[in-house]
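Fold and contact review
One letter stands for each residue in the lines below.
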Amino acid sequence: MDDRGLVIDRICQKFQNENGTCTEALDNISLQIRQGEIVSLLGPSGSGKSSLLNIIAGFDAPVSGNVLLDKELITEPSAQRCVVFQTPALFEWLTARDNVEFGLKRRRVPAANRRNEAGEMLRLVGLEGFEENYPHELSGGMQQRVALARAFVLHPGLLLMDEPFAALDAQLRSQMQSLLLHLWEKRRQTILFVTHDVEEAIRISHRVVILERRPGRIREEIEVPFSMDQREDLLGNSNFQELRTQIQQLIFTL
Amino acid sequence: MKRGHRRGLDPVGLILPALILIFWFAATTWGGMPEYKLPSPQKLLYVLVDFATGQFEITPYSGTLWGHLIHSLKRVASGFGLAAVCGLILGFLSGGIPIARRLVDPLIHLVRTVPGIGWLPVAIVWFGIGEGNTLFLIALASFFPIYINTVHGTSQVPEVTLRAGRMLGAKGFALFRTVILPAAFPDVAVGLRLGLGVAWAYLVLGEVTGVTEGLGAVMTDGRMLGHVDIVLATMIVIACAGKLTDVLLMTVCRAVCPQMRKGGKSNG
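So, a few notes on the structure that sits alongside this text. (Residues numbered from 1 in each chain as written. Chains lettered and ligands numbered in written order. Predicted model: local features only at pLDDT ≥ 70, side-chain atom pairs only at ≥ 80, totals over all residues. Heavy atoms only, no water.)

1. Focus on the pattern of salt bridges
All names here are of chain A. For the record, the criterion: Throughout this description, the term salt bridge denotes a Lys or Arg side-chain nitrogen within 4 Å of a carboxyl oxygen of Asp or Glu. Working definition: helices are DSSP H or I runs of at least four residues, strands are E runs of at least two. Numbering for both runs from the N terminus. The classification of residues rests on relative accessible area computed with a 1.4 Å probe and restricted to protein chains. Under 20% of the type maximum is buried, over 50% is exposed, and intermediate values are partly exposed.
Counted according to the given criterion, the structure contains 23 salt bridges over all chains. As a salt-bridge pair, Glu120 and Arg123 come within 2.9 Å of each other at their nearest N and O atoms. A residue pair is termed a helical-turn pair when its members lie 3 or 4 positions apart in one helix, as Glu120 and Arg123 do in helix α3 (residues 111-124) at three residues. Its relative accessible area of 35% is what places Glu120 among the partly exposed residues. Arg123 gets classed as partly exposed once you look at its relative accessible area, which sits at 40%. The residue Arg207 makes a salt bridge to Glu223 at a minimum N-O spacing of 3.8 Å.

2. Thoughts on a nonpolar patch on the surface
All names here are of chain B. Rule in force here: The residues that make up patches have over 30% relative accessible area and no salt bridge, and they are joined within 9 Å when like-charged or within 5 Å when they are Val, Leu, Ile, Met, Phe, Trp or Tyr. For every accessible area listed, the method is Shrake-Rupley and the probe measures 1.4 Å; residues are considered covered only by the protein chains on display.
Judged by side-chain polarity, Val12, Ile15, Leu16, Leu19 and Ile22 come together as a nonpolar surface patch covering roughly 520 Å² of accessible area. Looking at where Ile15 falls in the secondary structure, it is placed in helix α1 (residues 15-29). Judged by its relative accessible area of 47%, Ile15 falls in the partly exposed class.

3. Some words on the packing of aromatic side chains
Threshold: We call Phe, Tyr and Trp rings a pair once their centres come within 6.5 Å, taking the six-membered ring for Trp, and we label the pair stacked below 30 degrees between planes, edge-to-face above 60, and tilted otherwise. Comment: the charge-over-ring label is applied if NZ (Lys) or CZ (Arg) is within 6 Å of the ring centre and within 35 degrees of the ring normal.
Applying the stated criterion to the full structure yields 14 aromatic pairs over all chains. Residues Trp126(B) and Phe127(B) carry aromatic rings whose centres are separated by 6.4 Å and whose planes lie at 85° to one another, so their mutual orientation is edge-to-face. Residue classification places Trp126(B) among the exposed positions, given a relative accessible area of 56%. Of the residues examined, Phe127(B) reaches a relative accessible area of 40% and is grouped as partly exposed. Put simply, the rings of Trp119(B), Trp126(B), Phe127(B) and Phe136(B) pair up and form one aromatic cluster. When the ring centre of Phe102(A) is taken as reference, the NZ or CZ atom of Arg106(A) above it lies at 4.7 Å.

4. Section: the interface of chain A and chain B
Accessible area lost when the parts come together is the quantity often used to give the size of an interface. Counted only if it meets this: We call two residues contacting when some pair of their heavy atoms lies within 4.5 Å. Take the accessible area each of two parts loses on contact, using a 1.4 Å probe, and add the two losses: that sum is the buried area.
Counting residues at the interface gives 31 residues for chain A, matched by 24 residues for chain B. With both chains or domains summed, chain A and chain B bury close to 2,300 Å², and 64% of this area falls on carbon and sulfur atoms. It is Trp93(A), Arg106(A) and His136(A) that lose the most area in chain A upon contact with chain B, and together they represent 33% of the buried surface on that side. If you look at where chain A meets chain B, you find two salt bridges.

Have a look at this one:
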């Protein structure tokens, strides 16, 4: 077992419904993610992907089981496990720059360093010139890029992404995926990426973990056979198409 | 492009007041409006200046404006201050902690059903006639808009915003100070402004019922002596003082929370 990285150990989760019944969301999920790896959690809606992510992020406690990051037990949210949500969830009262600096400020990074790192990060996500804009002055795609910058700038031990590009149009989604790959190239950030988009999962990750639903269980783990430099232009690749079809058919049966 | 607030005076807004002024002047100069009901605008101006400076000595209140104004301001400040402290603390607790809300909210809304004026007799019994009951009435009435708006603002902070704050490393009081407070602040500011307006309203009510110093007292006294001019002049002073305290409040709010946004909506 790798010392660093994420270890999910027999996680079970249940939810109380309003009518009194109990839904078993996750059943004995065990998974490991190595440092520097990008892993996608792929599955139909109701497979518990977001529930698992909330447990790893520390927002919810599981009914049983543990999650460890770098051998430390996770019990609450921390800047070691930053999250990019489906909505940008930016702080409306802060500029793009102040949003990105927020986590650094909590960490007591000195002002000059904060400014530099935030500025550099915003440049990396392509928002140079928009640092002083407020969220409501930015488009949805730009806001999501600020959210990405805000999380990335903290170099978290694990970056959690909960269907972050689902609300964007296809072209924007593709651009954001490329941006993520580009950022990973620079930082080798460990990422757990939740999605229901098969192409997206294959394109950006080293490994795809497929969840089935009712209750959520790991159905299969697939190593993506393409090197990271091949990821930009996969659509024409016949192996990619084959893998995509294979996974899509599997998901269809879940 | 988003339309911003218009800075400076809007000329269209001045049309109706100007018309009223003209109509008023005409009514008193040629329309036969008796002076005991409505003095002319120019008479009122003289009375107002005299009230402030004592220059003309045309009323028993010449030059006494500042003394009365300061008394009234002290009462408003104390009453509003008390209401603000209670309203904000209870508001944040109630808005942020479900069990606290379940505990205090029902009682507060129960008390609120008795309109402020209905508390006057009880206030006189408990505090006697004078400073005590005035302060009680101002604080009581002013409390509710502050509390209600603070609860609303705090409880409306989206769950995902709180989670964002937490995953970026904000915990406990830091989460309150850096996320909850700025997010809730537009509503809190609305509550404070309403509370201040109510404080002025109940100030007059309180002062009208038995204190000897203060703008409300001048109004009651003036009416009883048949000096409707001083009553109107005092109303103008109250309006101006109210406006100034409102501007002061907004300045303080902006100083506390400089990043207070005026309800910006996102495009994307």
